[in-house]
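Per-entry structural report
Residue strings, one per chain:
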Amino acid sequence: MRIAEGLEMLDIEMKLGERSMPIHPTIFHDKDAWTLIDTGMPSSASVILDYAKHAGIDKLPLQAIILTHQDIDHIGGLPGFLENTSESPFEVYAHEDDRDTIDGKAPLLKFPTERLNAELESLPSNVRTQFNKVFVHPSKPNVTRLMADGDTLPIGGGLTVIHTPGHTPGHVSLYHHASKTLIAGDALVIHNGELQGSSPYSTIDMEQAVQSLKKFKPFDIEAVVCYHGGLLRGDINKRIADLIVQP
């Protein structure tokens, strides 16, 4: 789905055990390169690359992958991109506080080893091998660039990093100035058409997550993309403010 010039939201079906749900990575592109925000589950790389092909941007170099945080449904597809684009390395952005997990030096905070192994066993052998190579037995760091609160990345004409911890320690959201779009990651979700805060069932520190929503106040937000829920427009700043004052 086209959100603005050079900004696309994907709609991908994510399978986790017996559950299935849509997720929404985003892509920035111009005439020179494209950038992906979040990579889906371990089997998602091929789906995203197919989307890039249909969008006519597959001939452009992949400039960067930005990981909003360490959860498996956000970083799981990274090995597939590393495997497919080894001749033209891209930057991998993440926040320092989630870096060790993304680099394979620390376990996933919310995905116990036994559950992870069961999930990997359900995947094709090549996908499983890619995942183990990158996250279980890494030969080098996966993160090539750290991003910090307040940084403006040279992507899409300017993409401001907003550190929004709570869901995970290193969770970030991103504000695209040209389109006034907030890419919220999991700091916000949309359920039945209503904007909500980070899900308490998958959030490390719920109080911190609510406090993090205050960091959106300085930004004029016309649209928000939630990884779980998709796109929402209209009175976004007010909707977020209402979430902050709720007990």
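First, a word on what this report is: a plain description of the structure on this page. In this text, all values refer to a predicted model and were calculated from it rather than measured experimentally.

**Focus: the sheet that holds strand S12 (residues 172–176)**
Read across the open sheet, the six strands follow the order S10-S11-S12-S13-S16-S17; overall the sheet is mixed. Two strands close off the open sheet at either side, each with one partner strand: strand S10 (152–153) and strand S17 (230–233). In this sheet, strand S13 (residues 181–185) lies alongside S12 in antiparallel orientation, the contact comprising three bridges. Looking at S13, one finds that Leu-174 is bridged to Ile-183. On the sheet, helix H8 (residues 236–245) packs against S13, strand S16 (223–226) and S17 and is oriented at approximately 105° with respect to S17.

**Focus on the pairing of S16**
Residues Ala-223 and Val-225 of S16 are buried on one face, and the alternating residues Val-224 and Cys-226, pointing to the opposite face, are buried as well. Bridge analysis of S13 against S16 gives four bridges, and the strand direction is parallel. Within S16, the residue paired with Leu-182 across the bridge is Val-224. Pairing between S16 and S17: four bridges, direction antiparallel. Bridge assignment links Val-224 to a residue of S17, and that residue is Leu-232. Where S16 folds back onto S17 in an antiparallel hairpin, the turn is made up of three residues, including Gly-229, whose phi is positive at roughly 135°.

**A short note on unusual backbone geometry**
The phi torsion at Lys-180 lies on the positive side, around 55°, for a residue other than glycine. Its location among the elements puts Lys-180 in the loop between S12 and S13. With a relative accessible area of 29%, Lys-180 lands in the partly exposed category. A positive phi angle, near 55°, is found at Asn-192, a position not held by glycine.

**Observations regarding the packing of aromatic side chains**
Per the counting criterion, the structure on display carries two aromatic pairs. Relative to Phe-135, the ring of Phe-131 lies with its centre 4.9 Å away and its plane at 55°, an arrangement referred to as tilted. One end of the pair, Phe-131, and the other, Phe-135, are both in helix H6 (residues 125–136), four residues apart, so they sit about a helical turn from each other. One exposure class covers both Phe-131 and Phe-135, and it is buried. With a centroid separation of 4.9 Å and an interplanar angle of 45°, the aromatic rings of Tyr-175 and Phe-219 are classed as tilted. Within this pair, whereas Tyr-175 is found in strand S12, its partner Phe-219 is found in the loop between helix H7 (206–212) and S16, the two being separated by 44 residues in sequence.

**Here's the deal with H8**
Every buried residue belonging to H8 is among Ile-236, Ile-240 and Leu-243, and all of these are buried. The arc that holds the buried residues of H8, viewed along the axis, is 55°, so those residues lie on one side. In H8, the exposed residues that point more than 90 degrees away from the buried face are Lys-238 and Val-245. Buried residues in H8 make contact with S13, strand S14 (188–191), strand S15 (194–197), S16 and S17.

The rules behind each value
Residues numbered from 1 in each chain as written. Predicted model: local features only at pLDDT ≥ 70, side-chain atom pairs only at ≥ 80, totals over all residues. Heavy atoms only, no water. Pairing = 2+ DSSP bridges. Helix = DSSP H or I, 4+ residues; strand = E, 2+ residues; numbered from the N terminus. Contact = heavy atoms within 4.5 Å. Axes fitted to C-alpha atoms, helices over the stretch in contact; angles between N-to-C directions. Buried < 20%, exposed > 50% of the residue type's maximum accessible area, 1.4 Å probe, protein only. Phe/Tyr/Trp six-rings, centres within 6.5 Å; stacked < 30°, edge-to-face > 60°. Arc of directions from axis to C-beta.

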